[in-house]
Amino acid sequence: MSLKELPFLFGGDYNPEQWPEDTWEADMKKLQAAHVNSLTLNVFSWSVIQADEETYDFSLLDKVIKLAARYDMQIVLATSTGALPAWMVNKYPDVTRTDINGRHAGFGMRHNACPNSPHFRQLASKLVAQLAARYAGNPAVVCWHVSNEYGGLCYCDNCASAFRDWLKAHYNNDLAAVNAAWKSNYWSHTFHAWDEIVPPTHLTDMIDAGTDKPVLGGAALDYRRFQSDSLLANFKVEKAIIRKVDQTTPITTNLMAAQKDLDYFQWAKEMDLTAWDNYPSFDTPSSETAMDHDLIYGLKQAPFMLMEQTPSQANWQPYLALKAPGELRMQSYQAVAHGARTVQFFQMKQSRNGVEKFHSAVISHTDATGEHETRVYKEVQALGKELAGLPADLRTSRRAARVGVLFDYPSWWGVEYSTGPSKQMAYMQQVHTYYQMAYDAGLEVAMVGKDSDWSGLDILIAPVMYIADQATTDKIHAFTRNGGTFLTTYMSGIVDEHDNVWLGGYPGTLRDVLGLWNEEWDARPPKTTVAVKLATGQTVAGTFLCEIIHPTAAKVLATYADDQLFYTGAPAVTENAFGKGHAFYVGTQLDKAGLSAVMAALLAAAGLKPATPQPEGVEITRRYSETHQYTFLLNTTNRPLTVANPALGGEDLLTHTTPEKEVALPAFGVAILQSTRA
Amino acid sequence: MSLKELPFLFGGDYNPEQWPEDTWEADMKKLQAAHVNSLTLNVFSWSVIQADEETYDFSLLDKVIKLAARYDMQIVLATSTGALPAWMVNKYPDVTRTDINGRHAGFGMRHNACPNSPHFRQLASKLVAQLAARYAGNPAVVCWHVSNEYGGLCYCDNCASAFRDWLKAHYNNDLAAVNAAWKSNYWSHTFHAWDEIVPPTHLTDMIDAGTDKPVLGGAALDYRRFQSDSLLANFKVEKAIIRKVDQTTPITTNLMAAQKDLDYFQWAKEMDLTAWDNYPSFDTPSSETAMDHDLIYGLKQAPFMLMEQTPSQANWQPYLALKAPGELRMQSYQAVAHGARTVQFFQMKQSRNGVEKFHSAVISHTDATGEHETRVYKEVQALGKELAGLPADLRTSRRAARVGVLFDYPSWWGVEYSTGPSKQMAYMQQVHTYYQMAYDAGLEVAMVGKDSDWSGLDILIAPVMYIADQATTDKIHAFTRNGGTFLTTYMSGIVDEHDNVWLGGYPGTLRDVLGLWNEEWDARPPKTTVAVKLATGQTVAGTFLCEIIHPTAAKVLATYADDQLFYTGAPAVTENAFGKGHAFYVGTQLDKAGLSAVMAALLAAAGLKPATPQPEGVEITRRYSETHQYTFLLNTTNRPLTVANPALGGEDLLTHTTPEKEVALPAFGVAILQSTRA
Amino acid sequence: MSLKELPFLFGGDYNPEQWPEDTWEADMKKLQAAHVNSLTLNVFSWSVIQADEETYDFSLLDKVIKLAARYDMQIVLATSTGALPAWMVNKYPDVTRTDINGRHAGFGMRHNACPNSPHFRQLASKLVAQLAARYAGNPAVVCWHVSNEYGGLCYCDNCASAFRDWLKAHYNNDLAAVNAAWKSNYWSHTFHAWDEIVPPTHLTDMIDAGTDKPVLGGAALDYRRFQSDSLLANFKVEKAIIRKVDQTTPITTNLMAAQKDLDYFQWAKEMDLTAWDNYPSFDTPSSETAMDHDLIYGLKQAPFMLMEQTPSQANWQPYLALKAPGELRMQSYQAVAHGARTVQFFQMKQSRNGVEKFHSAVISHTDATGEHETRVYKEVQALGKELAGLPADLRTSRRAARVGVLFDYPSWWGVEYSTGPSKQMAYMQQVHTYYQMAYDAGLEVAMVGKDSDWSGLDILIAPVMYIADQATTDKIHAFTRNGGTFLTTYMSGIVDEHDNVWLGGYPGTLRDVLGLWNEEWDARPPKTTVAVKLATGQTVAGTFLCEIIHPTAAKVLATYADDQLFYTGAPAVTENAFGKGHAFYVGTQLDKAGLSAVMAALLAAAGLKPATPQPEGVEITRRYSETHQYTFLLNTTNRPLTVANPALGGEDLLTHTTPEKEVALPAFGVAILQSTRA
């Protein structure tokens, strides 16, 4: 089945190997009753399939697939290479990782294969070849799922050696070029032979100060790139083996929000569609979940699989607060609103043992015997029924945001590798702050990378874009010159792609488009604020970092206004006309009022009318098919709210009513207004 | 000397090898003057006795024992295997442990012999054989003390191998049974050969997230059991060697409150009498010390040795607050009140060097030269005199509590190994909460295990009894059916002995006796409370965890009453009539007022009249000889208090008066009322 | 050039190897324009000089030195042994260190050569021999700088072996003497052969409880002494090689405030002059910086080099707050006021990459291209001009304080190695508290060691002088008997130099001079205070520790006054007449008011008139040449202050005015009043 045909899946991970065979059929019935139409199988079964290096036994999997197919389940078939069998670790110790403290892992856990272990690559390839040969063409298999939740870093000798090969490939086999890129004539770090280069660990060049701080930033950045590439190579190897025997079925793996270890923009290029696992905690702001969805959508600018979520609790969170009635449904629709083309769970049946035994599931411990049917099961069941009734074009409908937020993995790595300017620097928090600035203003956001297509954007916000390579700089120039509205902030444009600071005044290559240079910055101690005066006269608060801006062409929108500081009166926020567009700079971290003013100025510069601010507690998000617009109204709170109808005339697909000017939403209530596109 | 004859010992650890020989006799005089009648010798002298593998030199010990005997000291003779000589560690590196991070210890510290090191077992056995041969029959030796403060875990290859042997023995040599018990078809953990099984460490299957969290809970539980058994095997080996040549003298070792590493209920079976080291901190509640004493008493339901306490300060505590005048005396009598048959100190003479140099002692640094006699010395002296005057039958008199609190080591291990329901889960705190519920109500408590004799109990409280095996379930059924009053709480009855969740609704096998099932739980964020309404109309507060109870037969005693929560109105506390008895369930952690109401309900159900609540700050505890009742009144505060006389007509053994209706107690004051038994 | 001729240097570290050669000359011009007259070169160039074991290439250094000389730069020439080349670590792994966790370092970082590595010593010696041969006699080289910021400890096998050699040398080859000194008959620690002795690590005898706590304190103290001696031996080896070919040029290395790893009093004996790196944080009290300067001055009682400071920000601090206008200048003059004979920076030109890229510099990233000239550059330039105009005799002028504060490295090590009396024990904080007591009272302080010349002192304050050896005791006796005023505190006189407690009552050997003994101490929980009543009736607060003093001859100056504590009424502060002098004892940590009263009593006892208290925010410090007194007035705050003129008639060298009775100082303002000496 091709990606285009892939239906809306409702289901998720099912691990029958954990259960007696005589319970499987009852599970099928109970899942079918919950409108489950898809199962993800074989995620962690390697040791069940392979008792030793020579023996493969697919009999259990054969039975399960046959049974699932009998119940019309669409199967997402995993390759089961996400966890290693014990025999393999004992026989080939190089298959596990060495951590940043130089400790080599023995058998246990999961997601811990060394990506550069020759034995792992060989054994995984053999397994996948067998799996692909056996199940390719099985009509029940609608999607391949390679490994599971890739992530983590390894620092073993095989990785060290592979790193040197990676460097040879990326630096044209020229060690002098590496020395030059890393500026390694620093603390006697000049390398005179390739084998002098070792991974940056706590035993080598990485200071362990709570957070890791490398001596050679350029080397550490390259090691990050290399490790992301190494795991991606694992993915590509497995994908290629499958593709050889199955040319149509989509192949993916499940990502995890914006996790730091992998450059997902590079990964997405190799994936047929993106997929991710969404585990908001009880105190996660809805804007953060929205941002995560938008990032996954943004990786390919295309609908994605919501491959995992939990019906109620995720075992690894510090406090297992339950999801209240309606909360799971609201979260599921939030995913769909942002571009999900599936709603899947981890997992179908709650494990009796193992670290995830308190992770909730469709069939919980309580449901498992058939004595009781729980609230959570019933909510899943109702949701399944509802989803099955949604129009088919929703599944592949697309997002259309005109505001972009730029997300850049190397900047994340680099800015958090830096010692300074402040231990409070946290890239994800910074990005979320500016995402939220737009979200609160009622705007939909496209999360984009440096290589993404920005052509649909009116406004591009690049918070803490620490690394400004020349190509990105040129692209920003073009974007702005052609009428775009660009904004960047403190700690942007600081270094090139090798962590070398741009000389002559921050923000380096971005000075032209912004019409300014910064002379110095002042990191503020925690719990202190600096008054910032807006052009309107309003005073807002700055924190974290204050940059002292010298406009060369830019207009001043706000100034520091604290008489205790010598830089009172200096510009804090500026706007620069550049070509047909405008470029904004924010030199300090503003409070919500300050950000709201900045957002208004961006809209004005972009010639857009002010958006209706997001109603407090309600998110409004849209998807577009060829024929319809779908407007999602999501009450993210546990109290009833009424909001203005943003899509008058649209029919609510859930209530089959056409709301008037106002839409009343119960606690965690959802409306999906279907309108015909003009 | 037999256990029966063992007199009331007053004394403790004396380490003459730390001091010039010419100071020993002065020590004896000073100790005798303090009414010390017992010395614990040879606790850490291995390297003094053995300069190398071939040479034994007992001359120092001979001299010390001879001298001590000359001063009529009753000797508790330790085997000195609690700390390893340096030569042994250098020669046989396997004698020390490998920690959970895979780091193997070199020479140093103490209490760090690998229990499964063949060299350690062999060398310890040879030493103990020599000691036993030499000193068995010495009339001054009244008790053998094996090693010291057993505890700690080892993860070395010898332990790994011994663990596999332990598993073979416990699973009938059947690897499939191990896989089944641990449900190891989980994350590819299926074992196909015994040697694939490795200890759960941070390098294998134990997540290091501040607290340790295993992937396979069943395996981690077994590793705990195995390690406790391994150290117990060390104890048994030494005991057997001594017993071969000395058939009468009691053999023991010193336990440490309820420390987590050893299942003391298993240990107590092998000990002739229990003994423990009591080190309350300046902020330890008196109820906690009481609970610790009751646990040690409860292990064998028999009087115990208070083998160590400090006259004033314990060096390892964060703030070395002194014990105020009277505080040591009060604490000593609290021990006696709860069943101590000795009052012993660590130590007789304060070390001049070493990590314990600031641990106080009977002969302190200040007392050591004879220039000064300190307050603390004088208090010890006065106490010694007083204790010597107490009646002989007090020593072996027994406790008689009708309220039991169930303590279960595997539940402790298992519930804290779980990820979820809350990072605030702390088993000891939970047990103490319910101990204190009874203590505050003026009730005496028997700490019991699952295997203990419950026949003397009217009420059995089993807080957080996470593991409910079938045998315990049956025993609880019988207890309740026969008229007992049983209470258990949230997070009880969750799993079987292999950490496999009971299906069909919590609390698993306890649903019948309780007349209910729980559908789900809601872990509450810290610092939040949930209103709970009692049947009386009183509103109290719940925290930590709220379980949503479905009574099938139980009566509702309290309900959630928070309109923000969808489960408002659901039962929070219930009572179920079962046979001739009653079974209570507490679904959330209640505040003191809530617990007080629960305690009252328990008493009512048990047909007991309400106890007089513990007077604030005063503990009243009783012991019973064949002829007398001894009622201890302990003012645990530093201010004078007056309380109603609970034993009218009794004579205070300390003041030789017969108090009226009220007893006035000075700060830290004590009265021991002797009454004739009816 | 001899030390005597060494001019006032203004400049600092310059690392041209990090930059293209064609930028060097522009740097020289820019530095010369900033009045820079000195460059520190070759600090981290080992790998640039030596590409492998056989090849030395000084061509870059030759060029740089030639260029610098052409610009009249006085060169401080470093030996570049502070960081190891990668080839060396790969070829000879023993050159790096093994940490306290037993982890051996690979290539990376700096300051991490094992001091007892034979390969390191050999290779460093060869390099230095080449450097010395090449550049000795070069007239531009005015000072040799050996290695860089020595510090850190190693626990490798080479160090273990060298430790045993060190012990043999210090204990006359007598293992019994080691056992006796360490009192190792403790926890079976008796050593029967030298090779049983191992370094105290987390894997051997050092408890890892957040802070390190050894079992054998005496052994740990000796290991500290040995490690300080080992690095000092490295320094001496390099120095001797240079001295062989250059008999006159001063040789030094840069110290770091009072860092714990090295006994700087021992080091200073081997250094021609002291030098240090001053990095106050935005919240460092000026009294702490003053103390640090005074310590470095005190090591040799002679002017020192301020070898590093930052023009604005130090990258490794948690919040990179900038230095406000004038702040750098004030800090520079504070250094000079306390005895600096140079003002040097790290560094001349800000690195583009590497962990220090955000460490500010004279030529910053912004200045580097010549497009902009920053505020910070201009402040450095103005300062350079000003400094160049100061009189020549200021450079070698001396301090003259009559109040001494005793600083003792072994006491620092020993008291923080102790478990007890309180986890809040921090030696540096304690010393600073008493330094500040004098500083706040307007007194200048000499920081002295036990071996220092105390003859110029009227008052000697020895806070937390944990170790009281007999020689120091005798010296204190003599000092006091001859009319000196001595003060010591809680936790003084506790142990001898091997960490063996003095028996018979604290403070051991100091009891005589103080006329008292302490019976016991009471560590107070955090956030609690004890009322202390002064003889004047004033009540102040005690915290941290309360010692219960028994005066034998001393007069009581203050008593505890808290009715909740049994020792209310007991003495807290005493004064004892001893010979012609007086000895004070402070038994609890007093608040500022209490310390102020103590300081007044000290002055009265010393027959000194009360000093004018330091004006809030202004420091007044003096230096004396043969002909002049220089009085520095330093406004350490960011607001203008006016103070009484302490040197009427003196001319302010900075404004060239002669102030009246009052001196007005702008924010961070400075005046230097030059007066003729009587």
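This structure is a prediction, so every number in the text was calculated from the model and none was measured. (Residues numbered from 1 in each chain as written. Chains lettered and ligands numbered in written order. Predicted model: local features only at pLDDT ≥ 70, side-chain atom pairs only at ≥ 80, totals over all residues. Heavy atoms only, no water.)

Turning next to the interface of chain A and chain B. Contacts between chain A and chain B engage 53 residues on the former and 62 residues on the latter. Taking both sides of the interface into account, the surface hidden between chain A and chain B amounts to around 4700 Å²; carbon and sulfur atoms contribute 56%. Summed over the shared surface of chain A and chain B, the result is three salt bridges. Between E520 of chain B and R375 of chain A there is a salt bridge; the shortest N-O distance is 2.7 Å. The tally of links between chain A and chain B comes to 30 residue pairs in polar contact (both at pLDDT 80 or more). Elements with a contribution of two residues or more to the side of chain A that touches chain B: α2 (46-49), α4 (86-91) and α12 (375-388) of chain A. Tallied by class, the residues present in the side of chain A that touches chain B amount to 25 nonpolar, 20 polar and eight charged. (Contact = heavy atoms within 4.5 Å. Buried area = accessible area lost by both parts, 1.4 Å probe. Salt bridge = Lys/Arg side-chain N within 4 Å of Asp/Glu carboxyl O. Polar contact = N/O pair within 3.5 Å; in protein donor to acceptor, adjacent residues only side chain to side chain. Helix = DSSP H or I, 4+ residues; strand = E, 2+ residues; numbered from the N terminus. Nonpolar A, V, L, I, M, F, W, Y, C, P; charged D, E, K, R; others polar.)

The next thing to look at is the interface of chain A and chain C. Chain A puts 61 residues into the contact, and the matching count from chain C is 53 residues. Taken as a group, W187, S188 and L503 of chain A account for 16% of the area that chain A buries against chain C, more than any other trio of residues on that side. Summed over the shared surface of chain A and chain C, the result is three salt bridges. Secondary-structure elements contributing two or more residues to the side of chain A that touches chain C are α7 (175-182), β5 (206-209), α8 (217-245) and β15 (516-523) of chain A. Sorting elements by how many residues they give to the side of chain A that touches chain C places β15 of chain A first, with seven residues. Tallied by class, residues from the side of chain A that touches chain C come to 28 nonpolar, 21 polar and 12 charged.

With the rule as written, the count across this model stands at 102 aromatic pairs over all chains. On the basis of an interplanar angle of 15 degrees and a centroid distance of 5.5 Å, the ring pair of Y155 of chain B and Y223 of chain B is categorised as stacked. Linking Y155 of chain B in the loop between β4 (141-145) and α6 (157-170) with Y223 of chain B in helix α8 (residues 217-245), this pair joins segments that are 68 residues apart in sequence. We classify Y155 of chain B as buried; its relative accessible area is 13%. Given the relative accessible area of 1%, Y223 of chain B is considered buried. One aromatic cluster is present, formed by F107 of chain A together with Y155, F163, W166, W182, F191, Y223 and F226 of chain B through successive ring pairs. Over the ring of Y377 of chain B we find K30 of chain B; its NZ or CZ atom is 4.8 Å from the centre of that ring. Note that K349 of chain B overlies the ring of W19 of chain B, its terminal NZ or CZ placed 3.9 Å from the centroid. (Phe/Tyr/Trp six-rings, centres within 6.5 Å; stacked < 30°, edge-to-face > 60°. Buried < 20%, exposed > 50% of the residue type's maximum accessible area, 1.4 Å probe, protein only. Lys NZ or Arg CZ within 6 Å of the ring centre and 35° of its normal.)

In screw terms, the move from chain A to chain C is a rotation of 120 degrees and a rise of 0.0 Å along the axis, fitting with an RMSD of 0.0 Å. Taken together, these values place the two copies in the relation of a three-fold axis. Taking C-alpha positions as the reference, the residue of chain A nearest the rotation axis is R103 of chain A, at 5.7 Å. (Least-squares fit on C-alpha atoms with pLDDT ≥ 70 in both.)

What follows deals with the UniProt feature "domain: Beta-galactosidase trimerisation" (unreviewed entry) in chain A. As recorded in UniProt, the feature "domain: Beta-galactosidase trimerisation" (unreviewed entry) lies at residues 401-608 of chain A. A helix fraction of 26% and a strand fraction of 32% characterise residues 401-608 of chain A, whose end C-alpha atoms lie 13 Å from each other. (UniProt positions renumbered as here; feature names shortened; annotations may be inferred.)

On to unusual backbone geometry, then. The linkage connecting G420 of chain A with the following residue, P421 of chain A, adopts the cis geometry, with an omega of 5 degrees. By the element assignment, P421 of chain A lies in the loop between α13 (409-417) and α14 (427-440). The peptide bond linking Y506 of chain C to P507 of chain C adopts the cis configuration, its omega dihedral lying at -5 degrees. Within the secondary structure, P507 of chain C is located in the loop between β14 (485-489) and α17 (511-514).

Bringing the sheet that holds strand β7 (residues 251-252) of chain C into the picture now. Backbone hydrogen bonds are what pair the strands of a sheet, in a parallel or an antiparallel way. All names here are of chain C. Strand order in the open sheet made by the eight strands is β7-β4-β3-β2-β1-β10-β9-β8, with parallel pairing throughout. Edge positions in the sheet fall to β7 and β8 (275-277), since each of these pairs with one other strand and no more. The strands touched by helix α5 (residues 118-135) within the sheet are β3 (74-78) and β4 (141-145), with β4 carrying the most contacts at an inclination of about 170 degrees. (Pairing = 2+ DSSP bridges. Axes fitted to C-alpha atoms, helices over the stretch in contact; angles between N-to-C directions.)

Assigned domains of chain A: these are domain 1 (9-154 + 227-390), domain 2 (157-222), domain 3 (403-606) and domain 4 (618-676). Here domain 3 of chain A and domain 4 of chain A have C-alpha centroids that lie 34 Å from each other. (Domains from an automatic or database assignment.)

This part is about the side chain of S397 of chain A. Residue and element names in this part refer to chain A. Mapped onto the fold, S397 is located in the loop between α12 and β11 (403-406). Of note is the side chain of S397, whose polar atom sits 2.6 Å from the backbone oxygen of L394. Residues within four places of S397 in sequence aside, it is in contact with P303, R623, Y624, S625 and Y630.

A few words on the packing of helix α11 (residues 327-337) of chain B against helix α12 (residues 375-388) of chain B. Residue and element names in this part refer to chain B. Between α11 and α12, whose axes approach to 10 Å, the crossing angle comes to 35 degrees. Here α11 runs over α12; the crossing is right-handed. Across the interface between the two elements, L328, R329, S332 and Y333 from α11 touch V380, L383, E386 and L387 from α12. Residues that form the contact of α11 with α12 fall into these classes: five nonpolar, one polar and two charged. (Left-handed = near helix turned anticlockwise from the far one by under 90°.)

Another aspect to go through is the side chain of Q18 of chain C. Mapped onto the fold, Q18 of chain C is located in the loop between β1 (9-13) and α1 (24-33). Within the structure, Q18 of chain C has its side chain in polar contact with the side chain of S351 of chain C (distance 2.8 Å). Dropping the residues within four chain positions of it, Q18 of chain C is found in contact with K183, N185 and Y186 of chain A together with S351 of chain C.

What follows covers the UniProt feature "domain: Beta-galactosidase C-terminal" (unreviewed entry) in chain A. Under the UniProt annotation, the feature "domain: Beta-galactosidase C-terminal" (unreviewed entry) is placed at residues 617-674 of chain A. Secondary structure across residues 617-674 of chain A divides into 0% helix and 52% strand, with the first and last C-alpha atoms of the span separated by 22 Å.

Residues and elements named next belong to chain C. As summarised here, the arrangement of the four strands in space is β22-β23-β27-β25, forming an open sheet in which the pairing is antiparallel. The sheet is open, and its two edges are formed by β22 (618-624) and β25 (651-652), each paired on a single side. Sheet topology places β22 next to strand β23 (residues 628-635); seven bridges connect them, and they run antiparallel. Opposite R622, over in β23, you have T631 as the bridge partner.

This part covers helix α14 (residues 409-417) of chain C. Residues and elements named next belong to chain C. With respect to burial, α14 is a largely interior element, nine of its nine residues being buried. Buried residues of α14: Y409, P410, S411, W412, W413, G414, V415, E416 and Y417, and no others. The inward-facing, buried residues of α14 contact β5 (206-209), β6 (211-214), α8 (217-245), α9 (264-270), α10 (286-300) and α15 (427-440).

All right, on to the pattern of salt bridges then. Tallied over the entire structure, the rule returns 92 salt bridges over all chains. Residue E386 of chain B is joined to R329 of chain B by a salt bridge in which the shortest nitrogen-to-oxygen separation is 2.9 Å. Pair noted here: E386 of chain B is in helix α12 and R329 of chain B is in helix α11, with a separation of 57 residues, a long-range link. Using a relative accessible area of 24% as the deciding quantity, one classes E386 of chain B as partly exposed. Given the relative accessible area of 23%, R329 of chain B is considered partly exposed. Between K63 of chain C and E21 of chain C there is a salt bridge; the shortest N-O distance is 3.0 Å. Of this pair, K63 of chain C sits in helix α3 (residues 59-70) while E21 of chain C is found in the loop between β1 and α1, placing the two residues 42 residues apart along the sequence. K63 of chain C gets classed as partly exposed once you look at its relative accessible area, which sits at 40%.

Our focus in this paragraph is the environment of V43 of chain C. Residue and element names in this part refer to chain C. Examined against the element boundaries, V43 turns out to sit in the loop between β2 (38-41) and α2 (46-49). You can call V43 buried: its relative accessible area is 1%. When the C-alpha atoms of V43 and Q247 are compared, they prove to be 22 Å apart, with 204 residues separating the residues in sequence.

This part takes up the pairing of strand β26 (residues 662-665) of chain A. Side-chain positions along a regular strand alternate between the two faces of the sheet. All names here are of chain A. Of the two faces of β26, only one is covered, namely that formed by V663 and L665; the face formed by E662 and A664 stays uncovered. Of the pairings in the sheet, the one linking strand β24 (residues 641-644) to β26 comprises four bridges and is antiparallel in character. Bridge pairing in β26 places T642 opposite A664.

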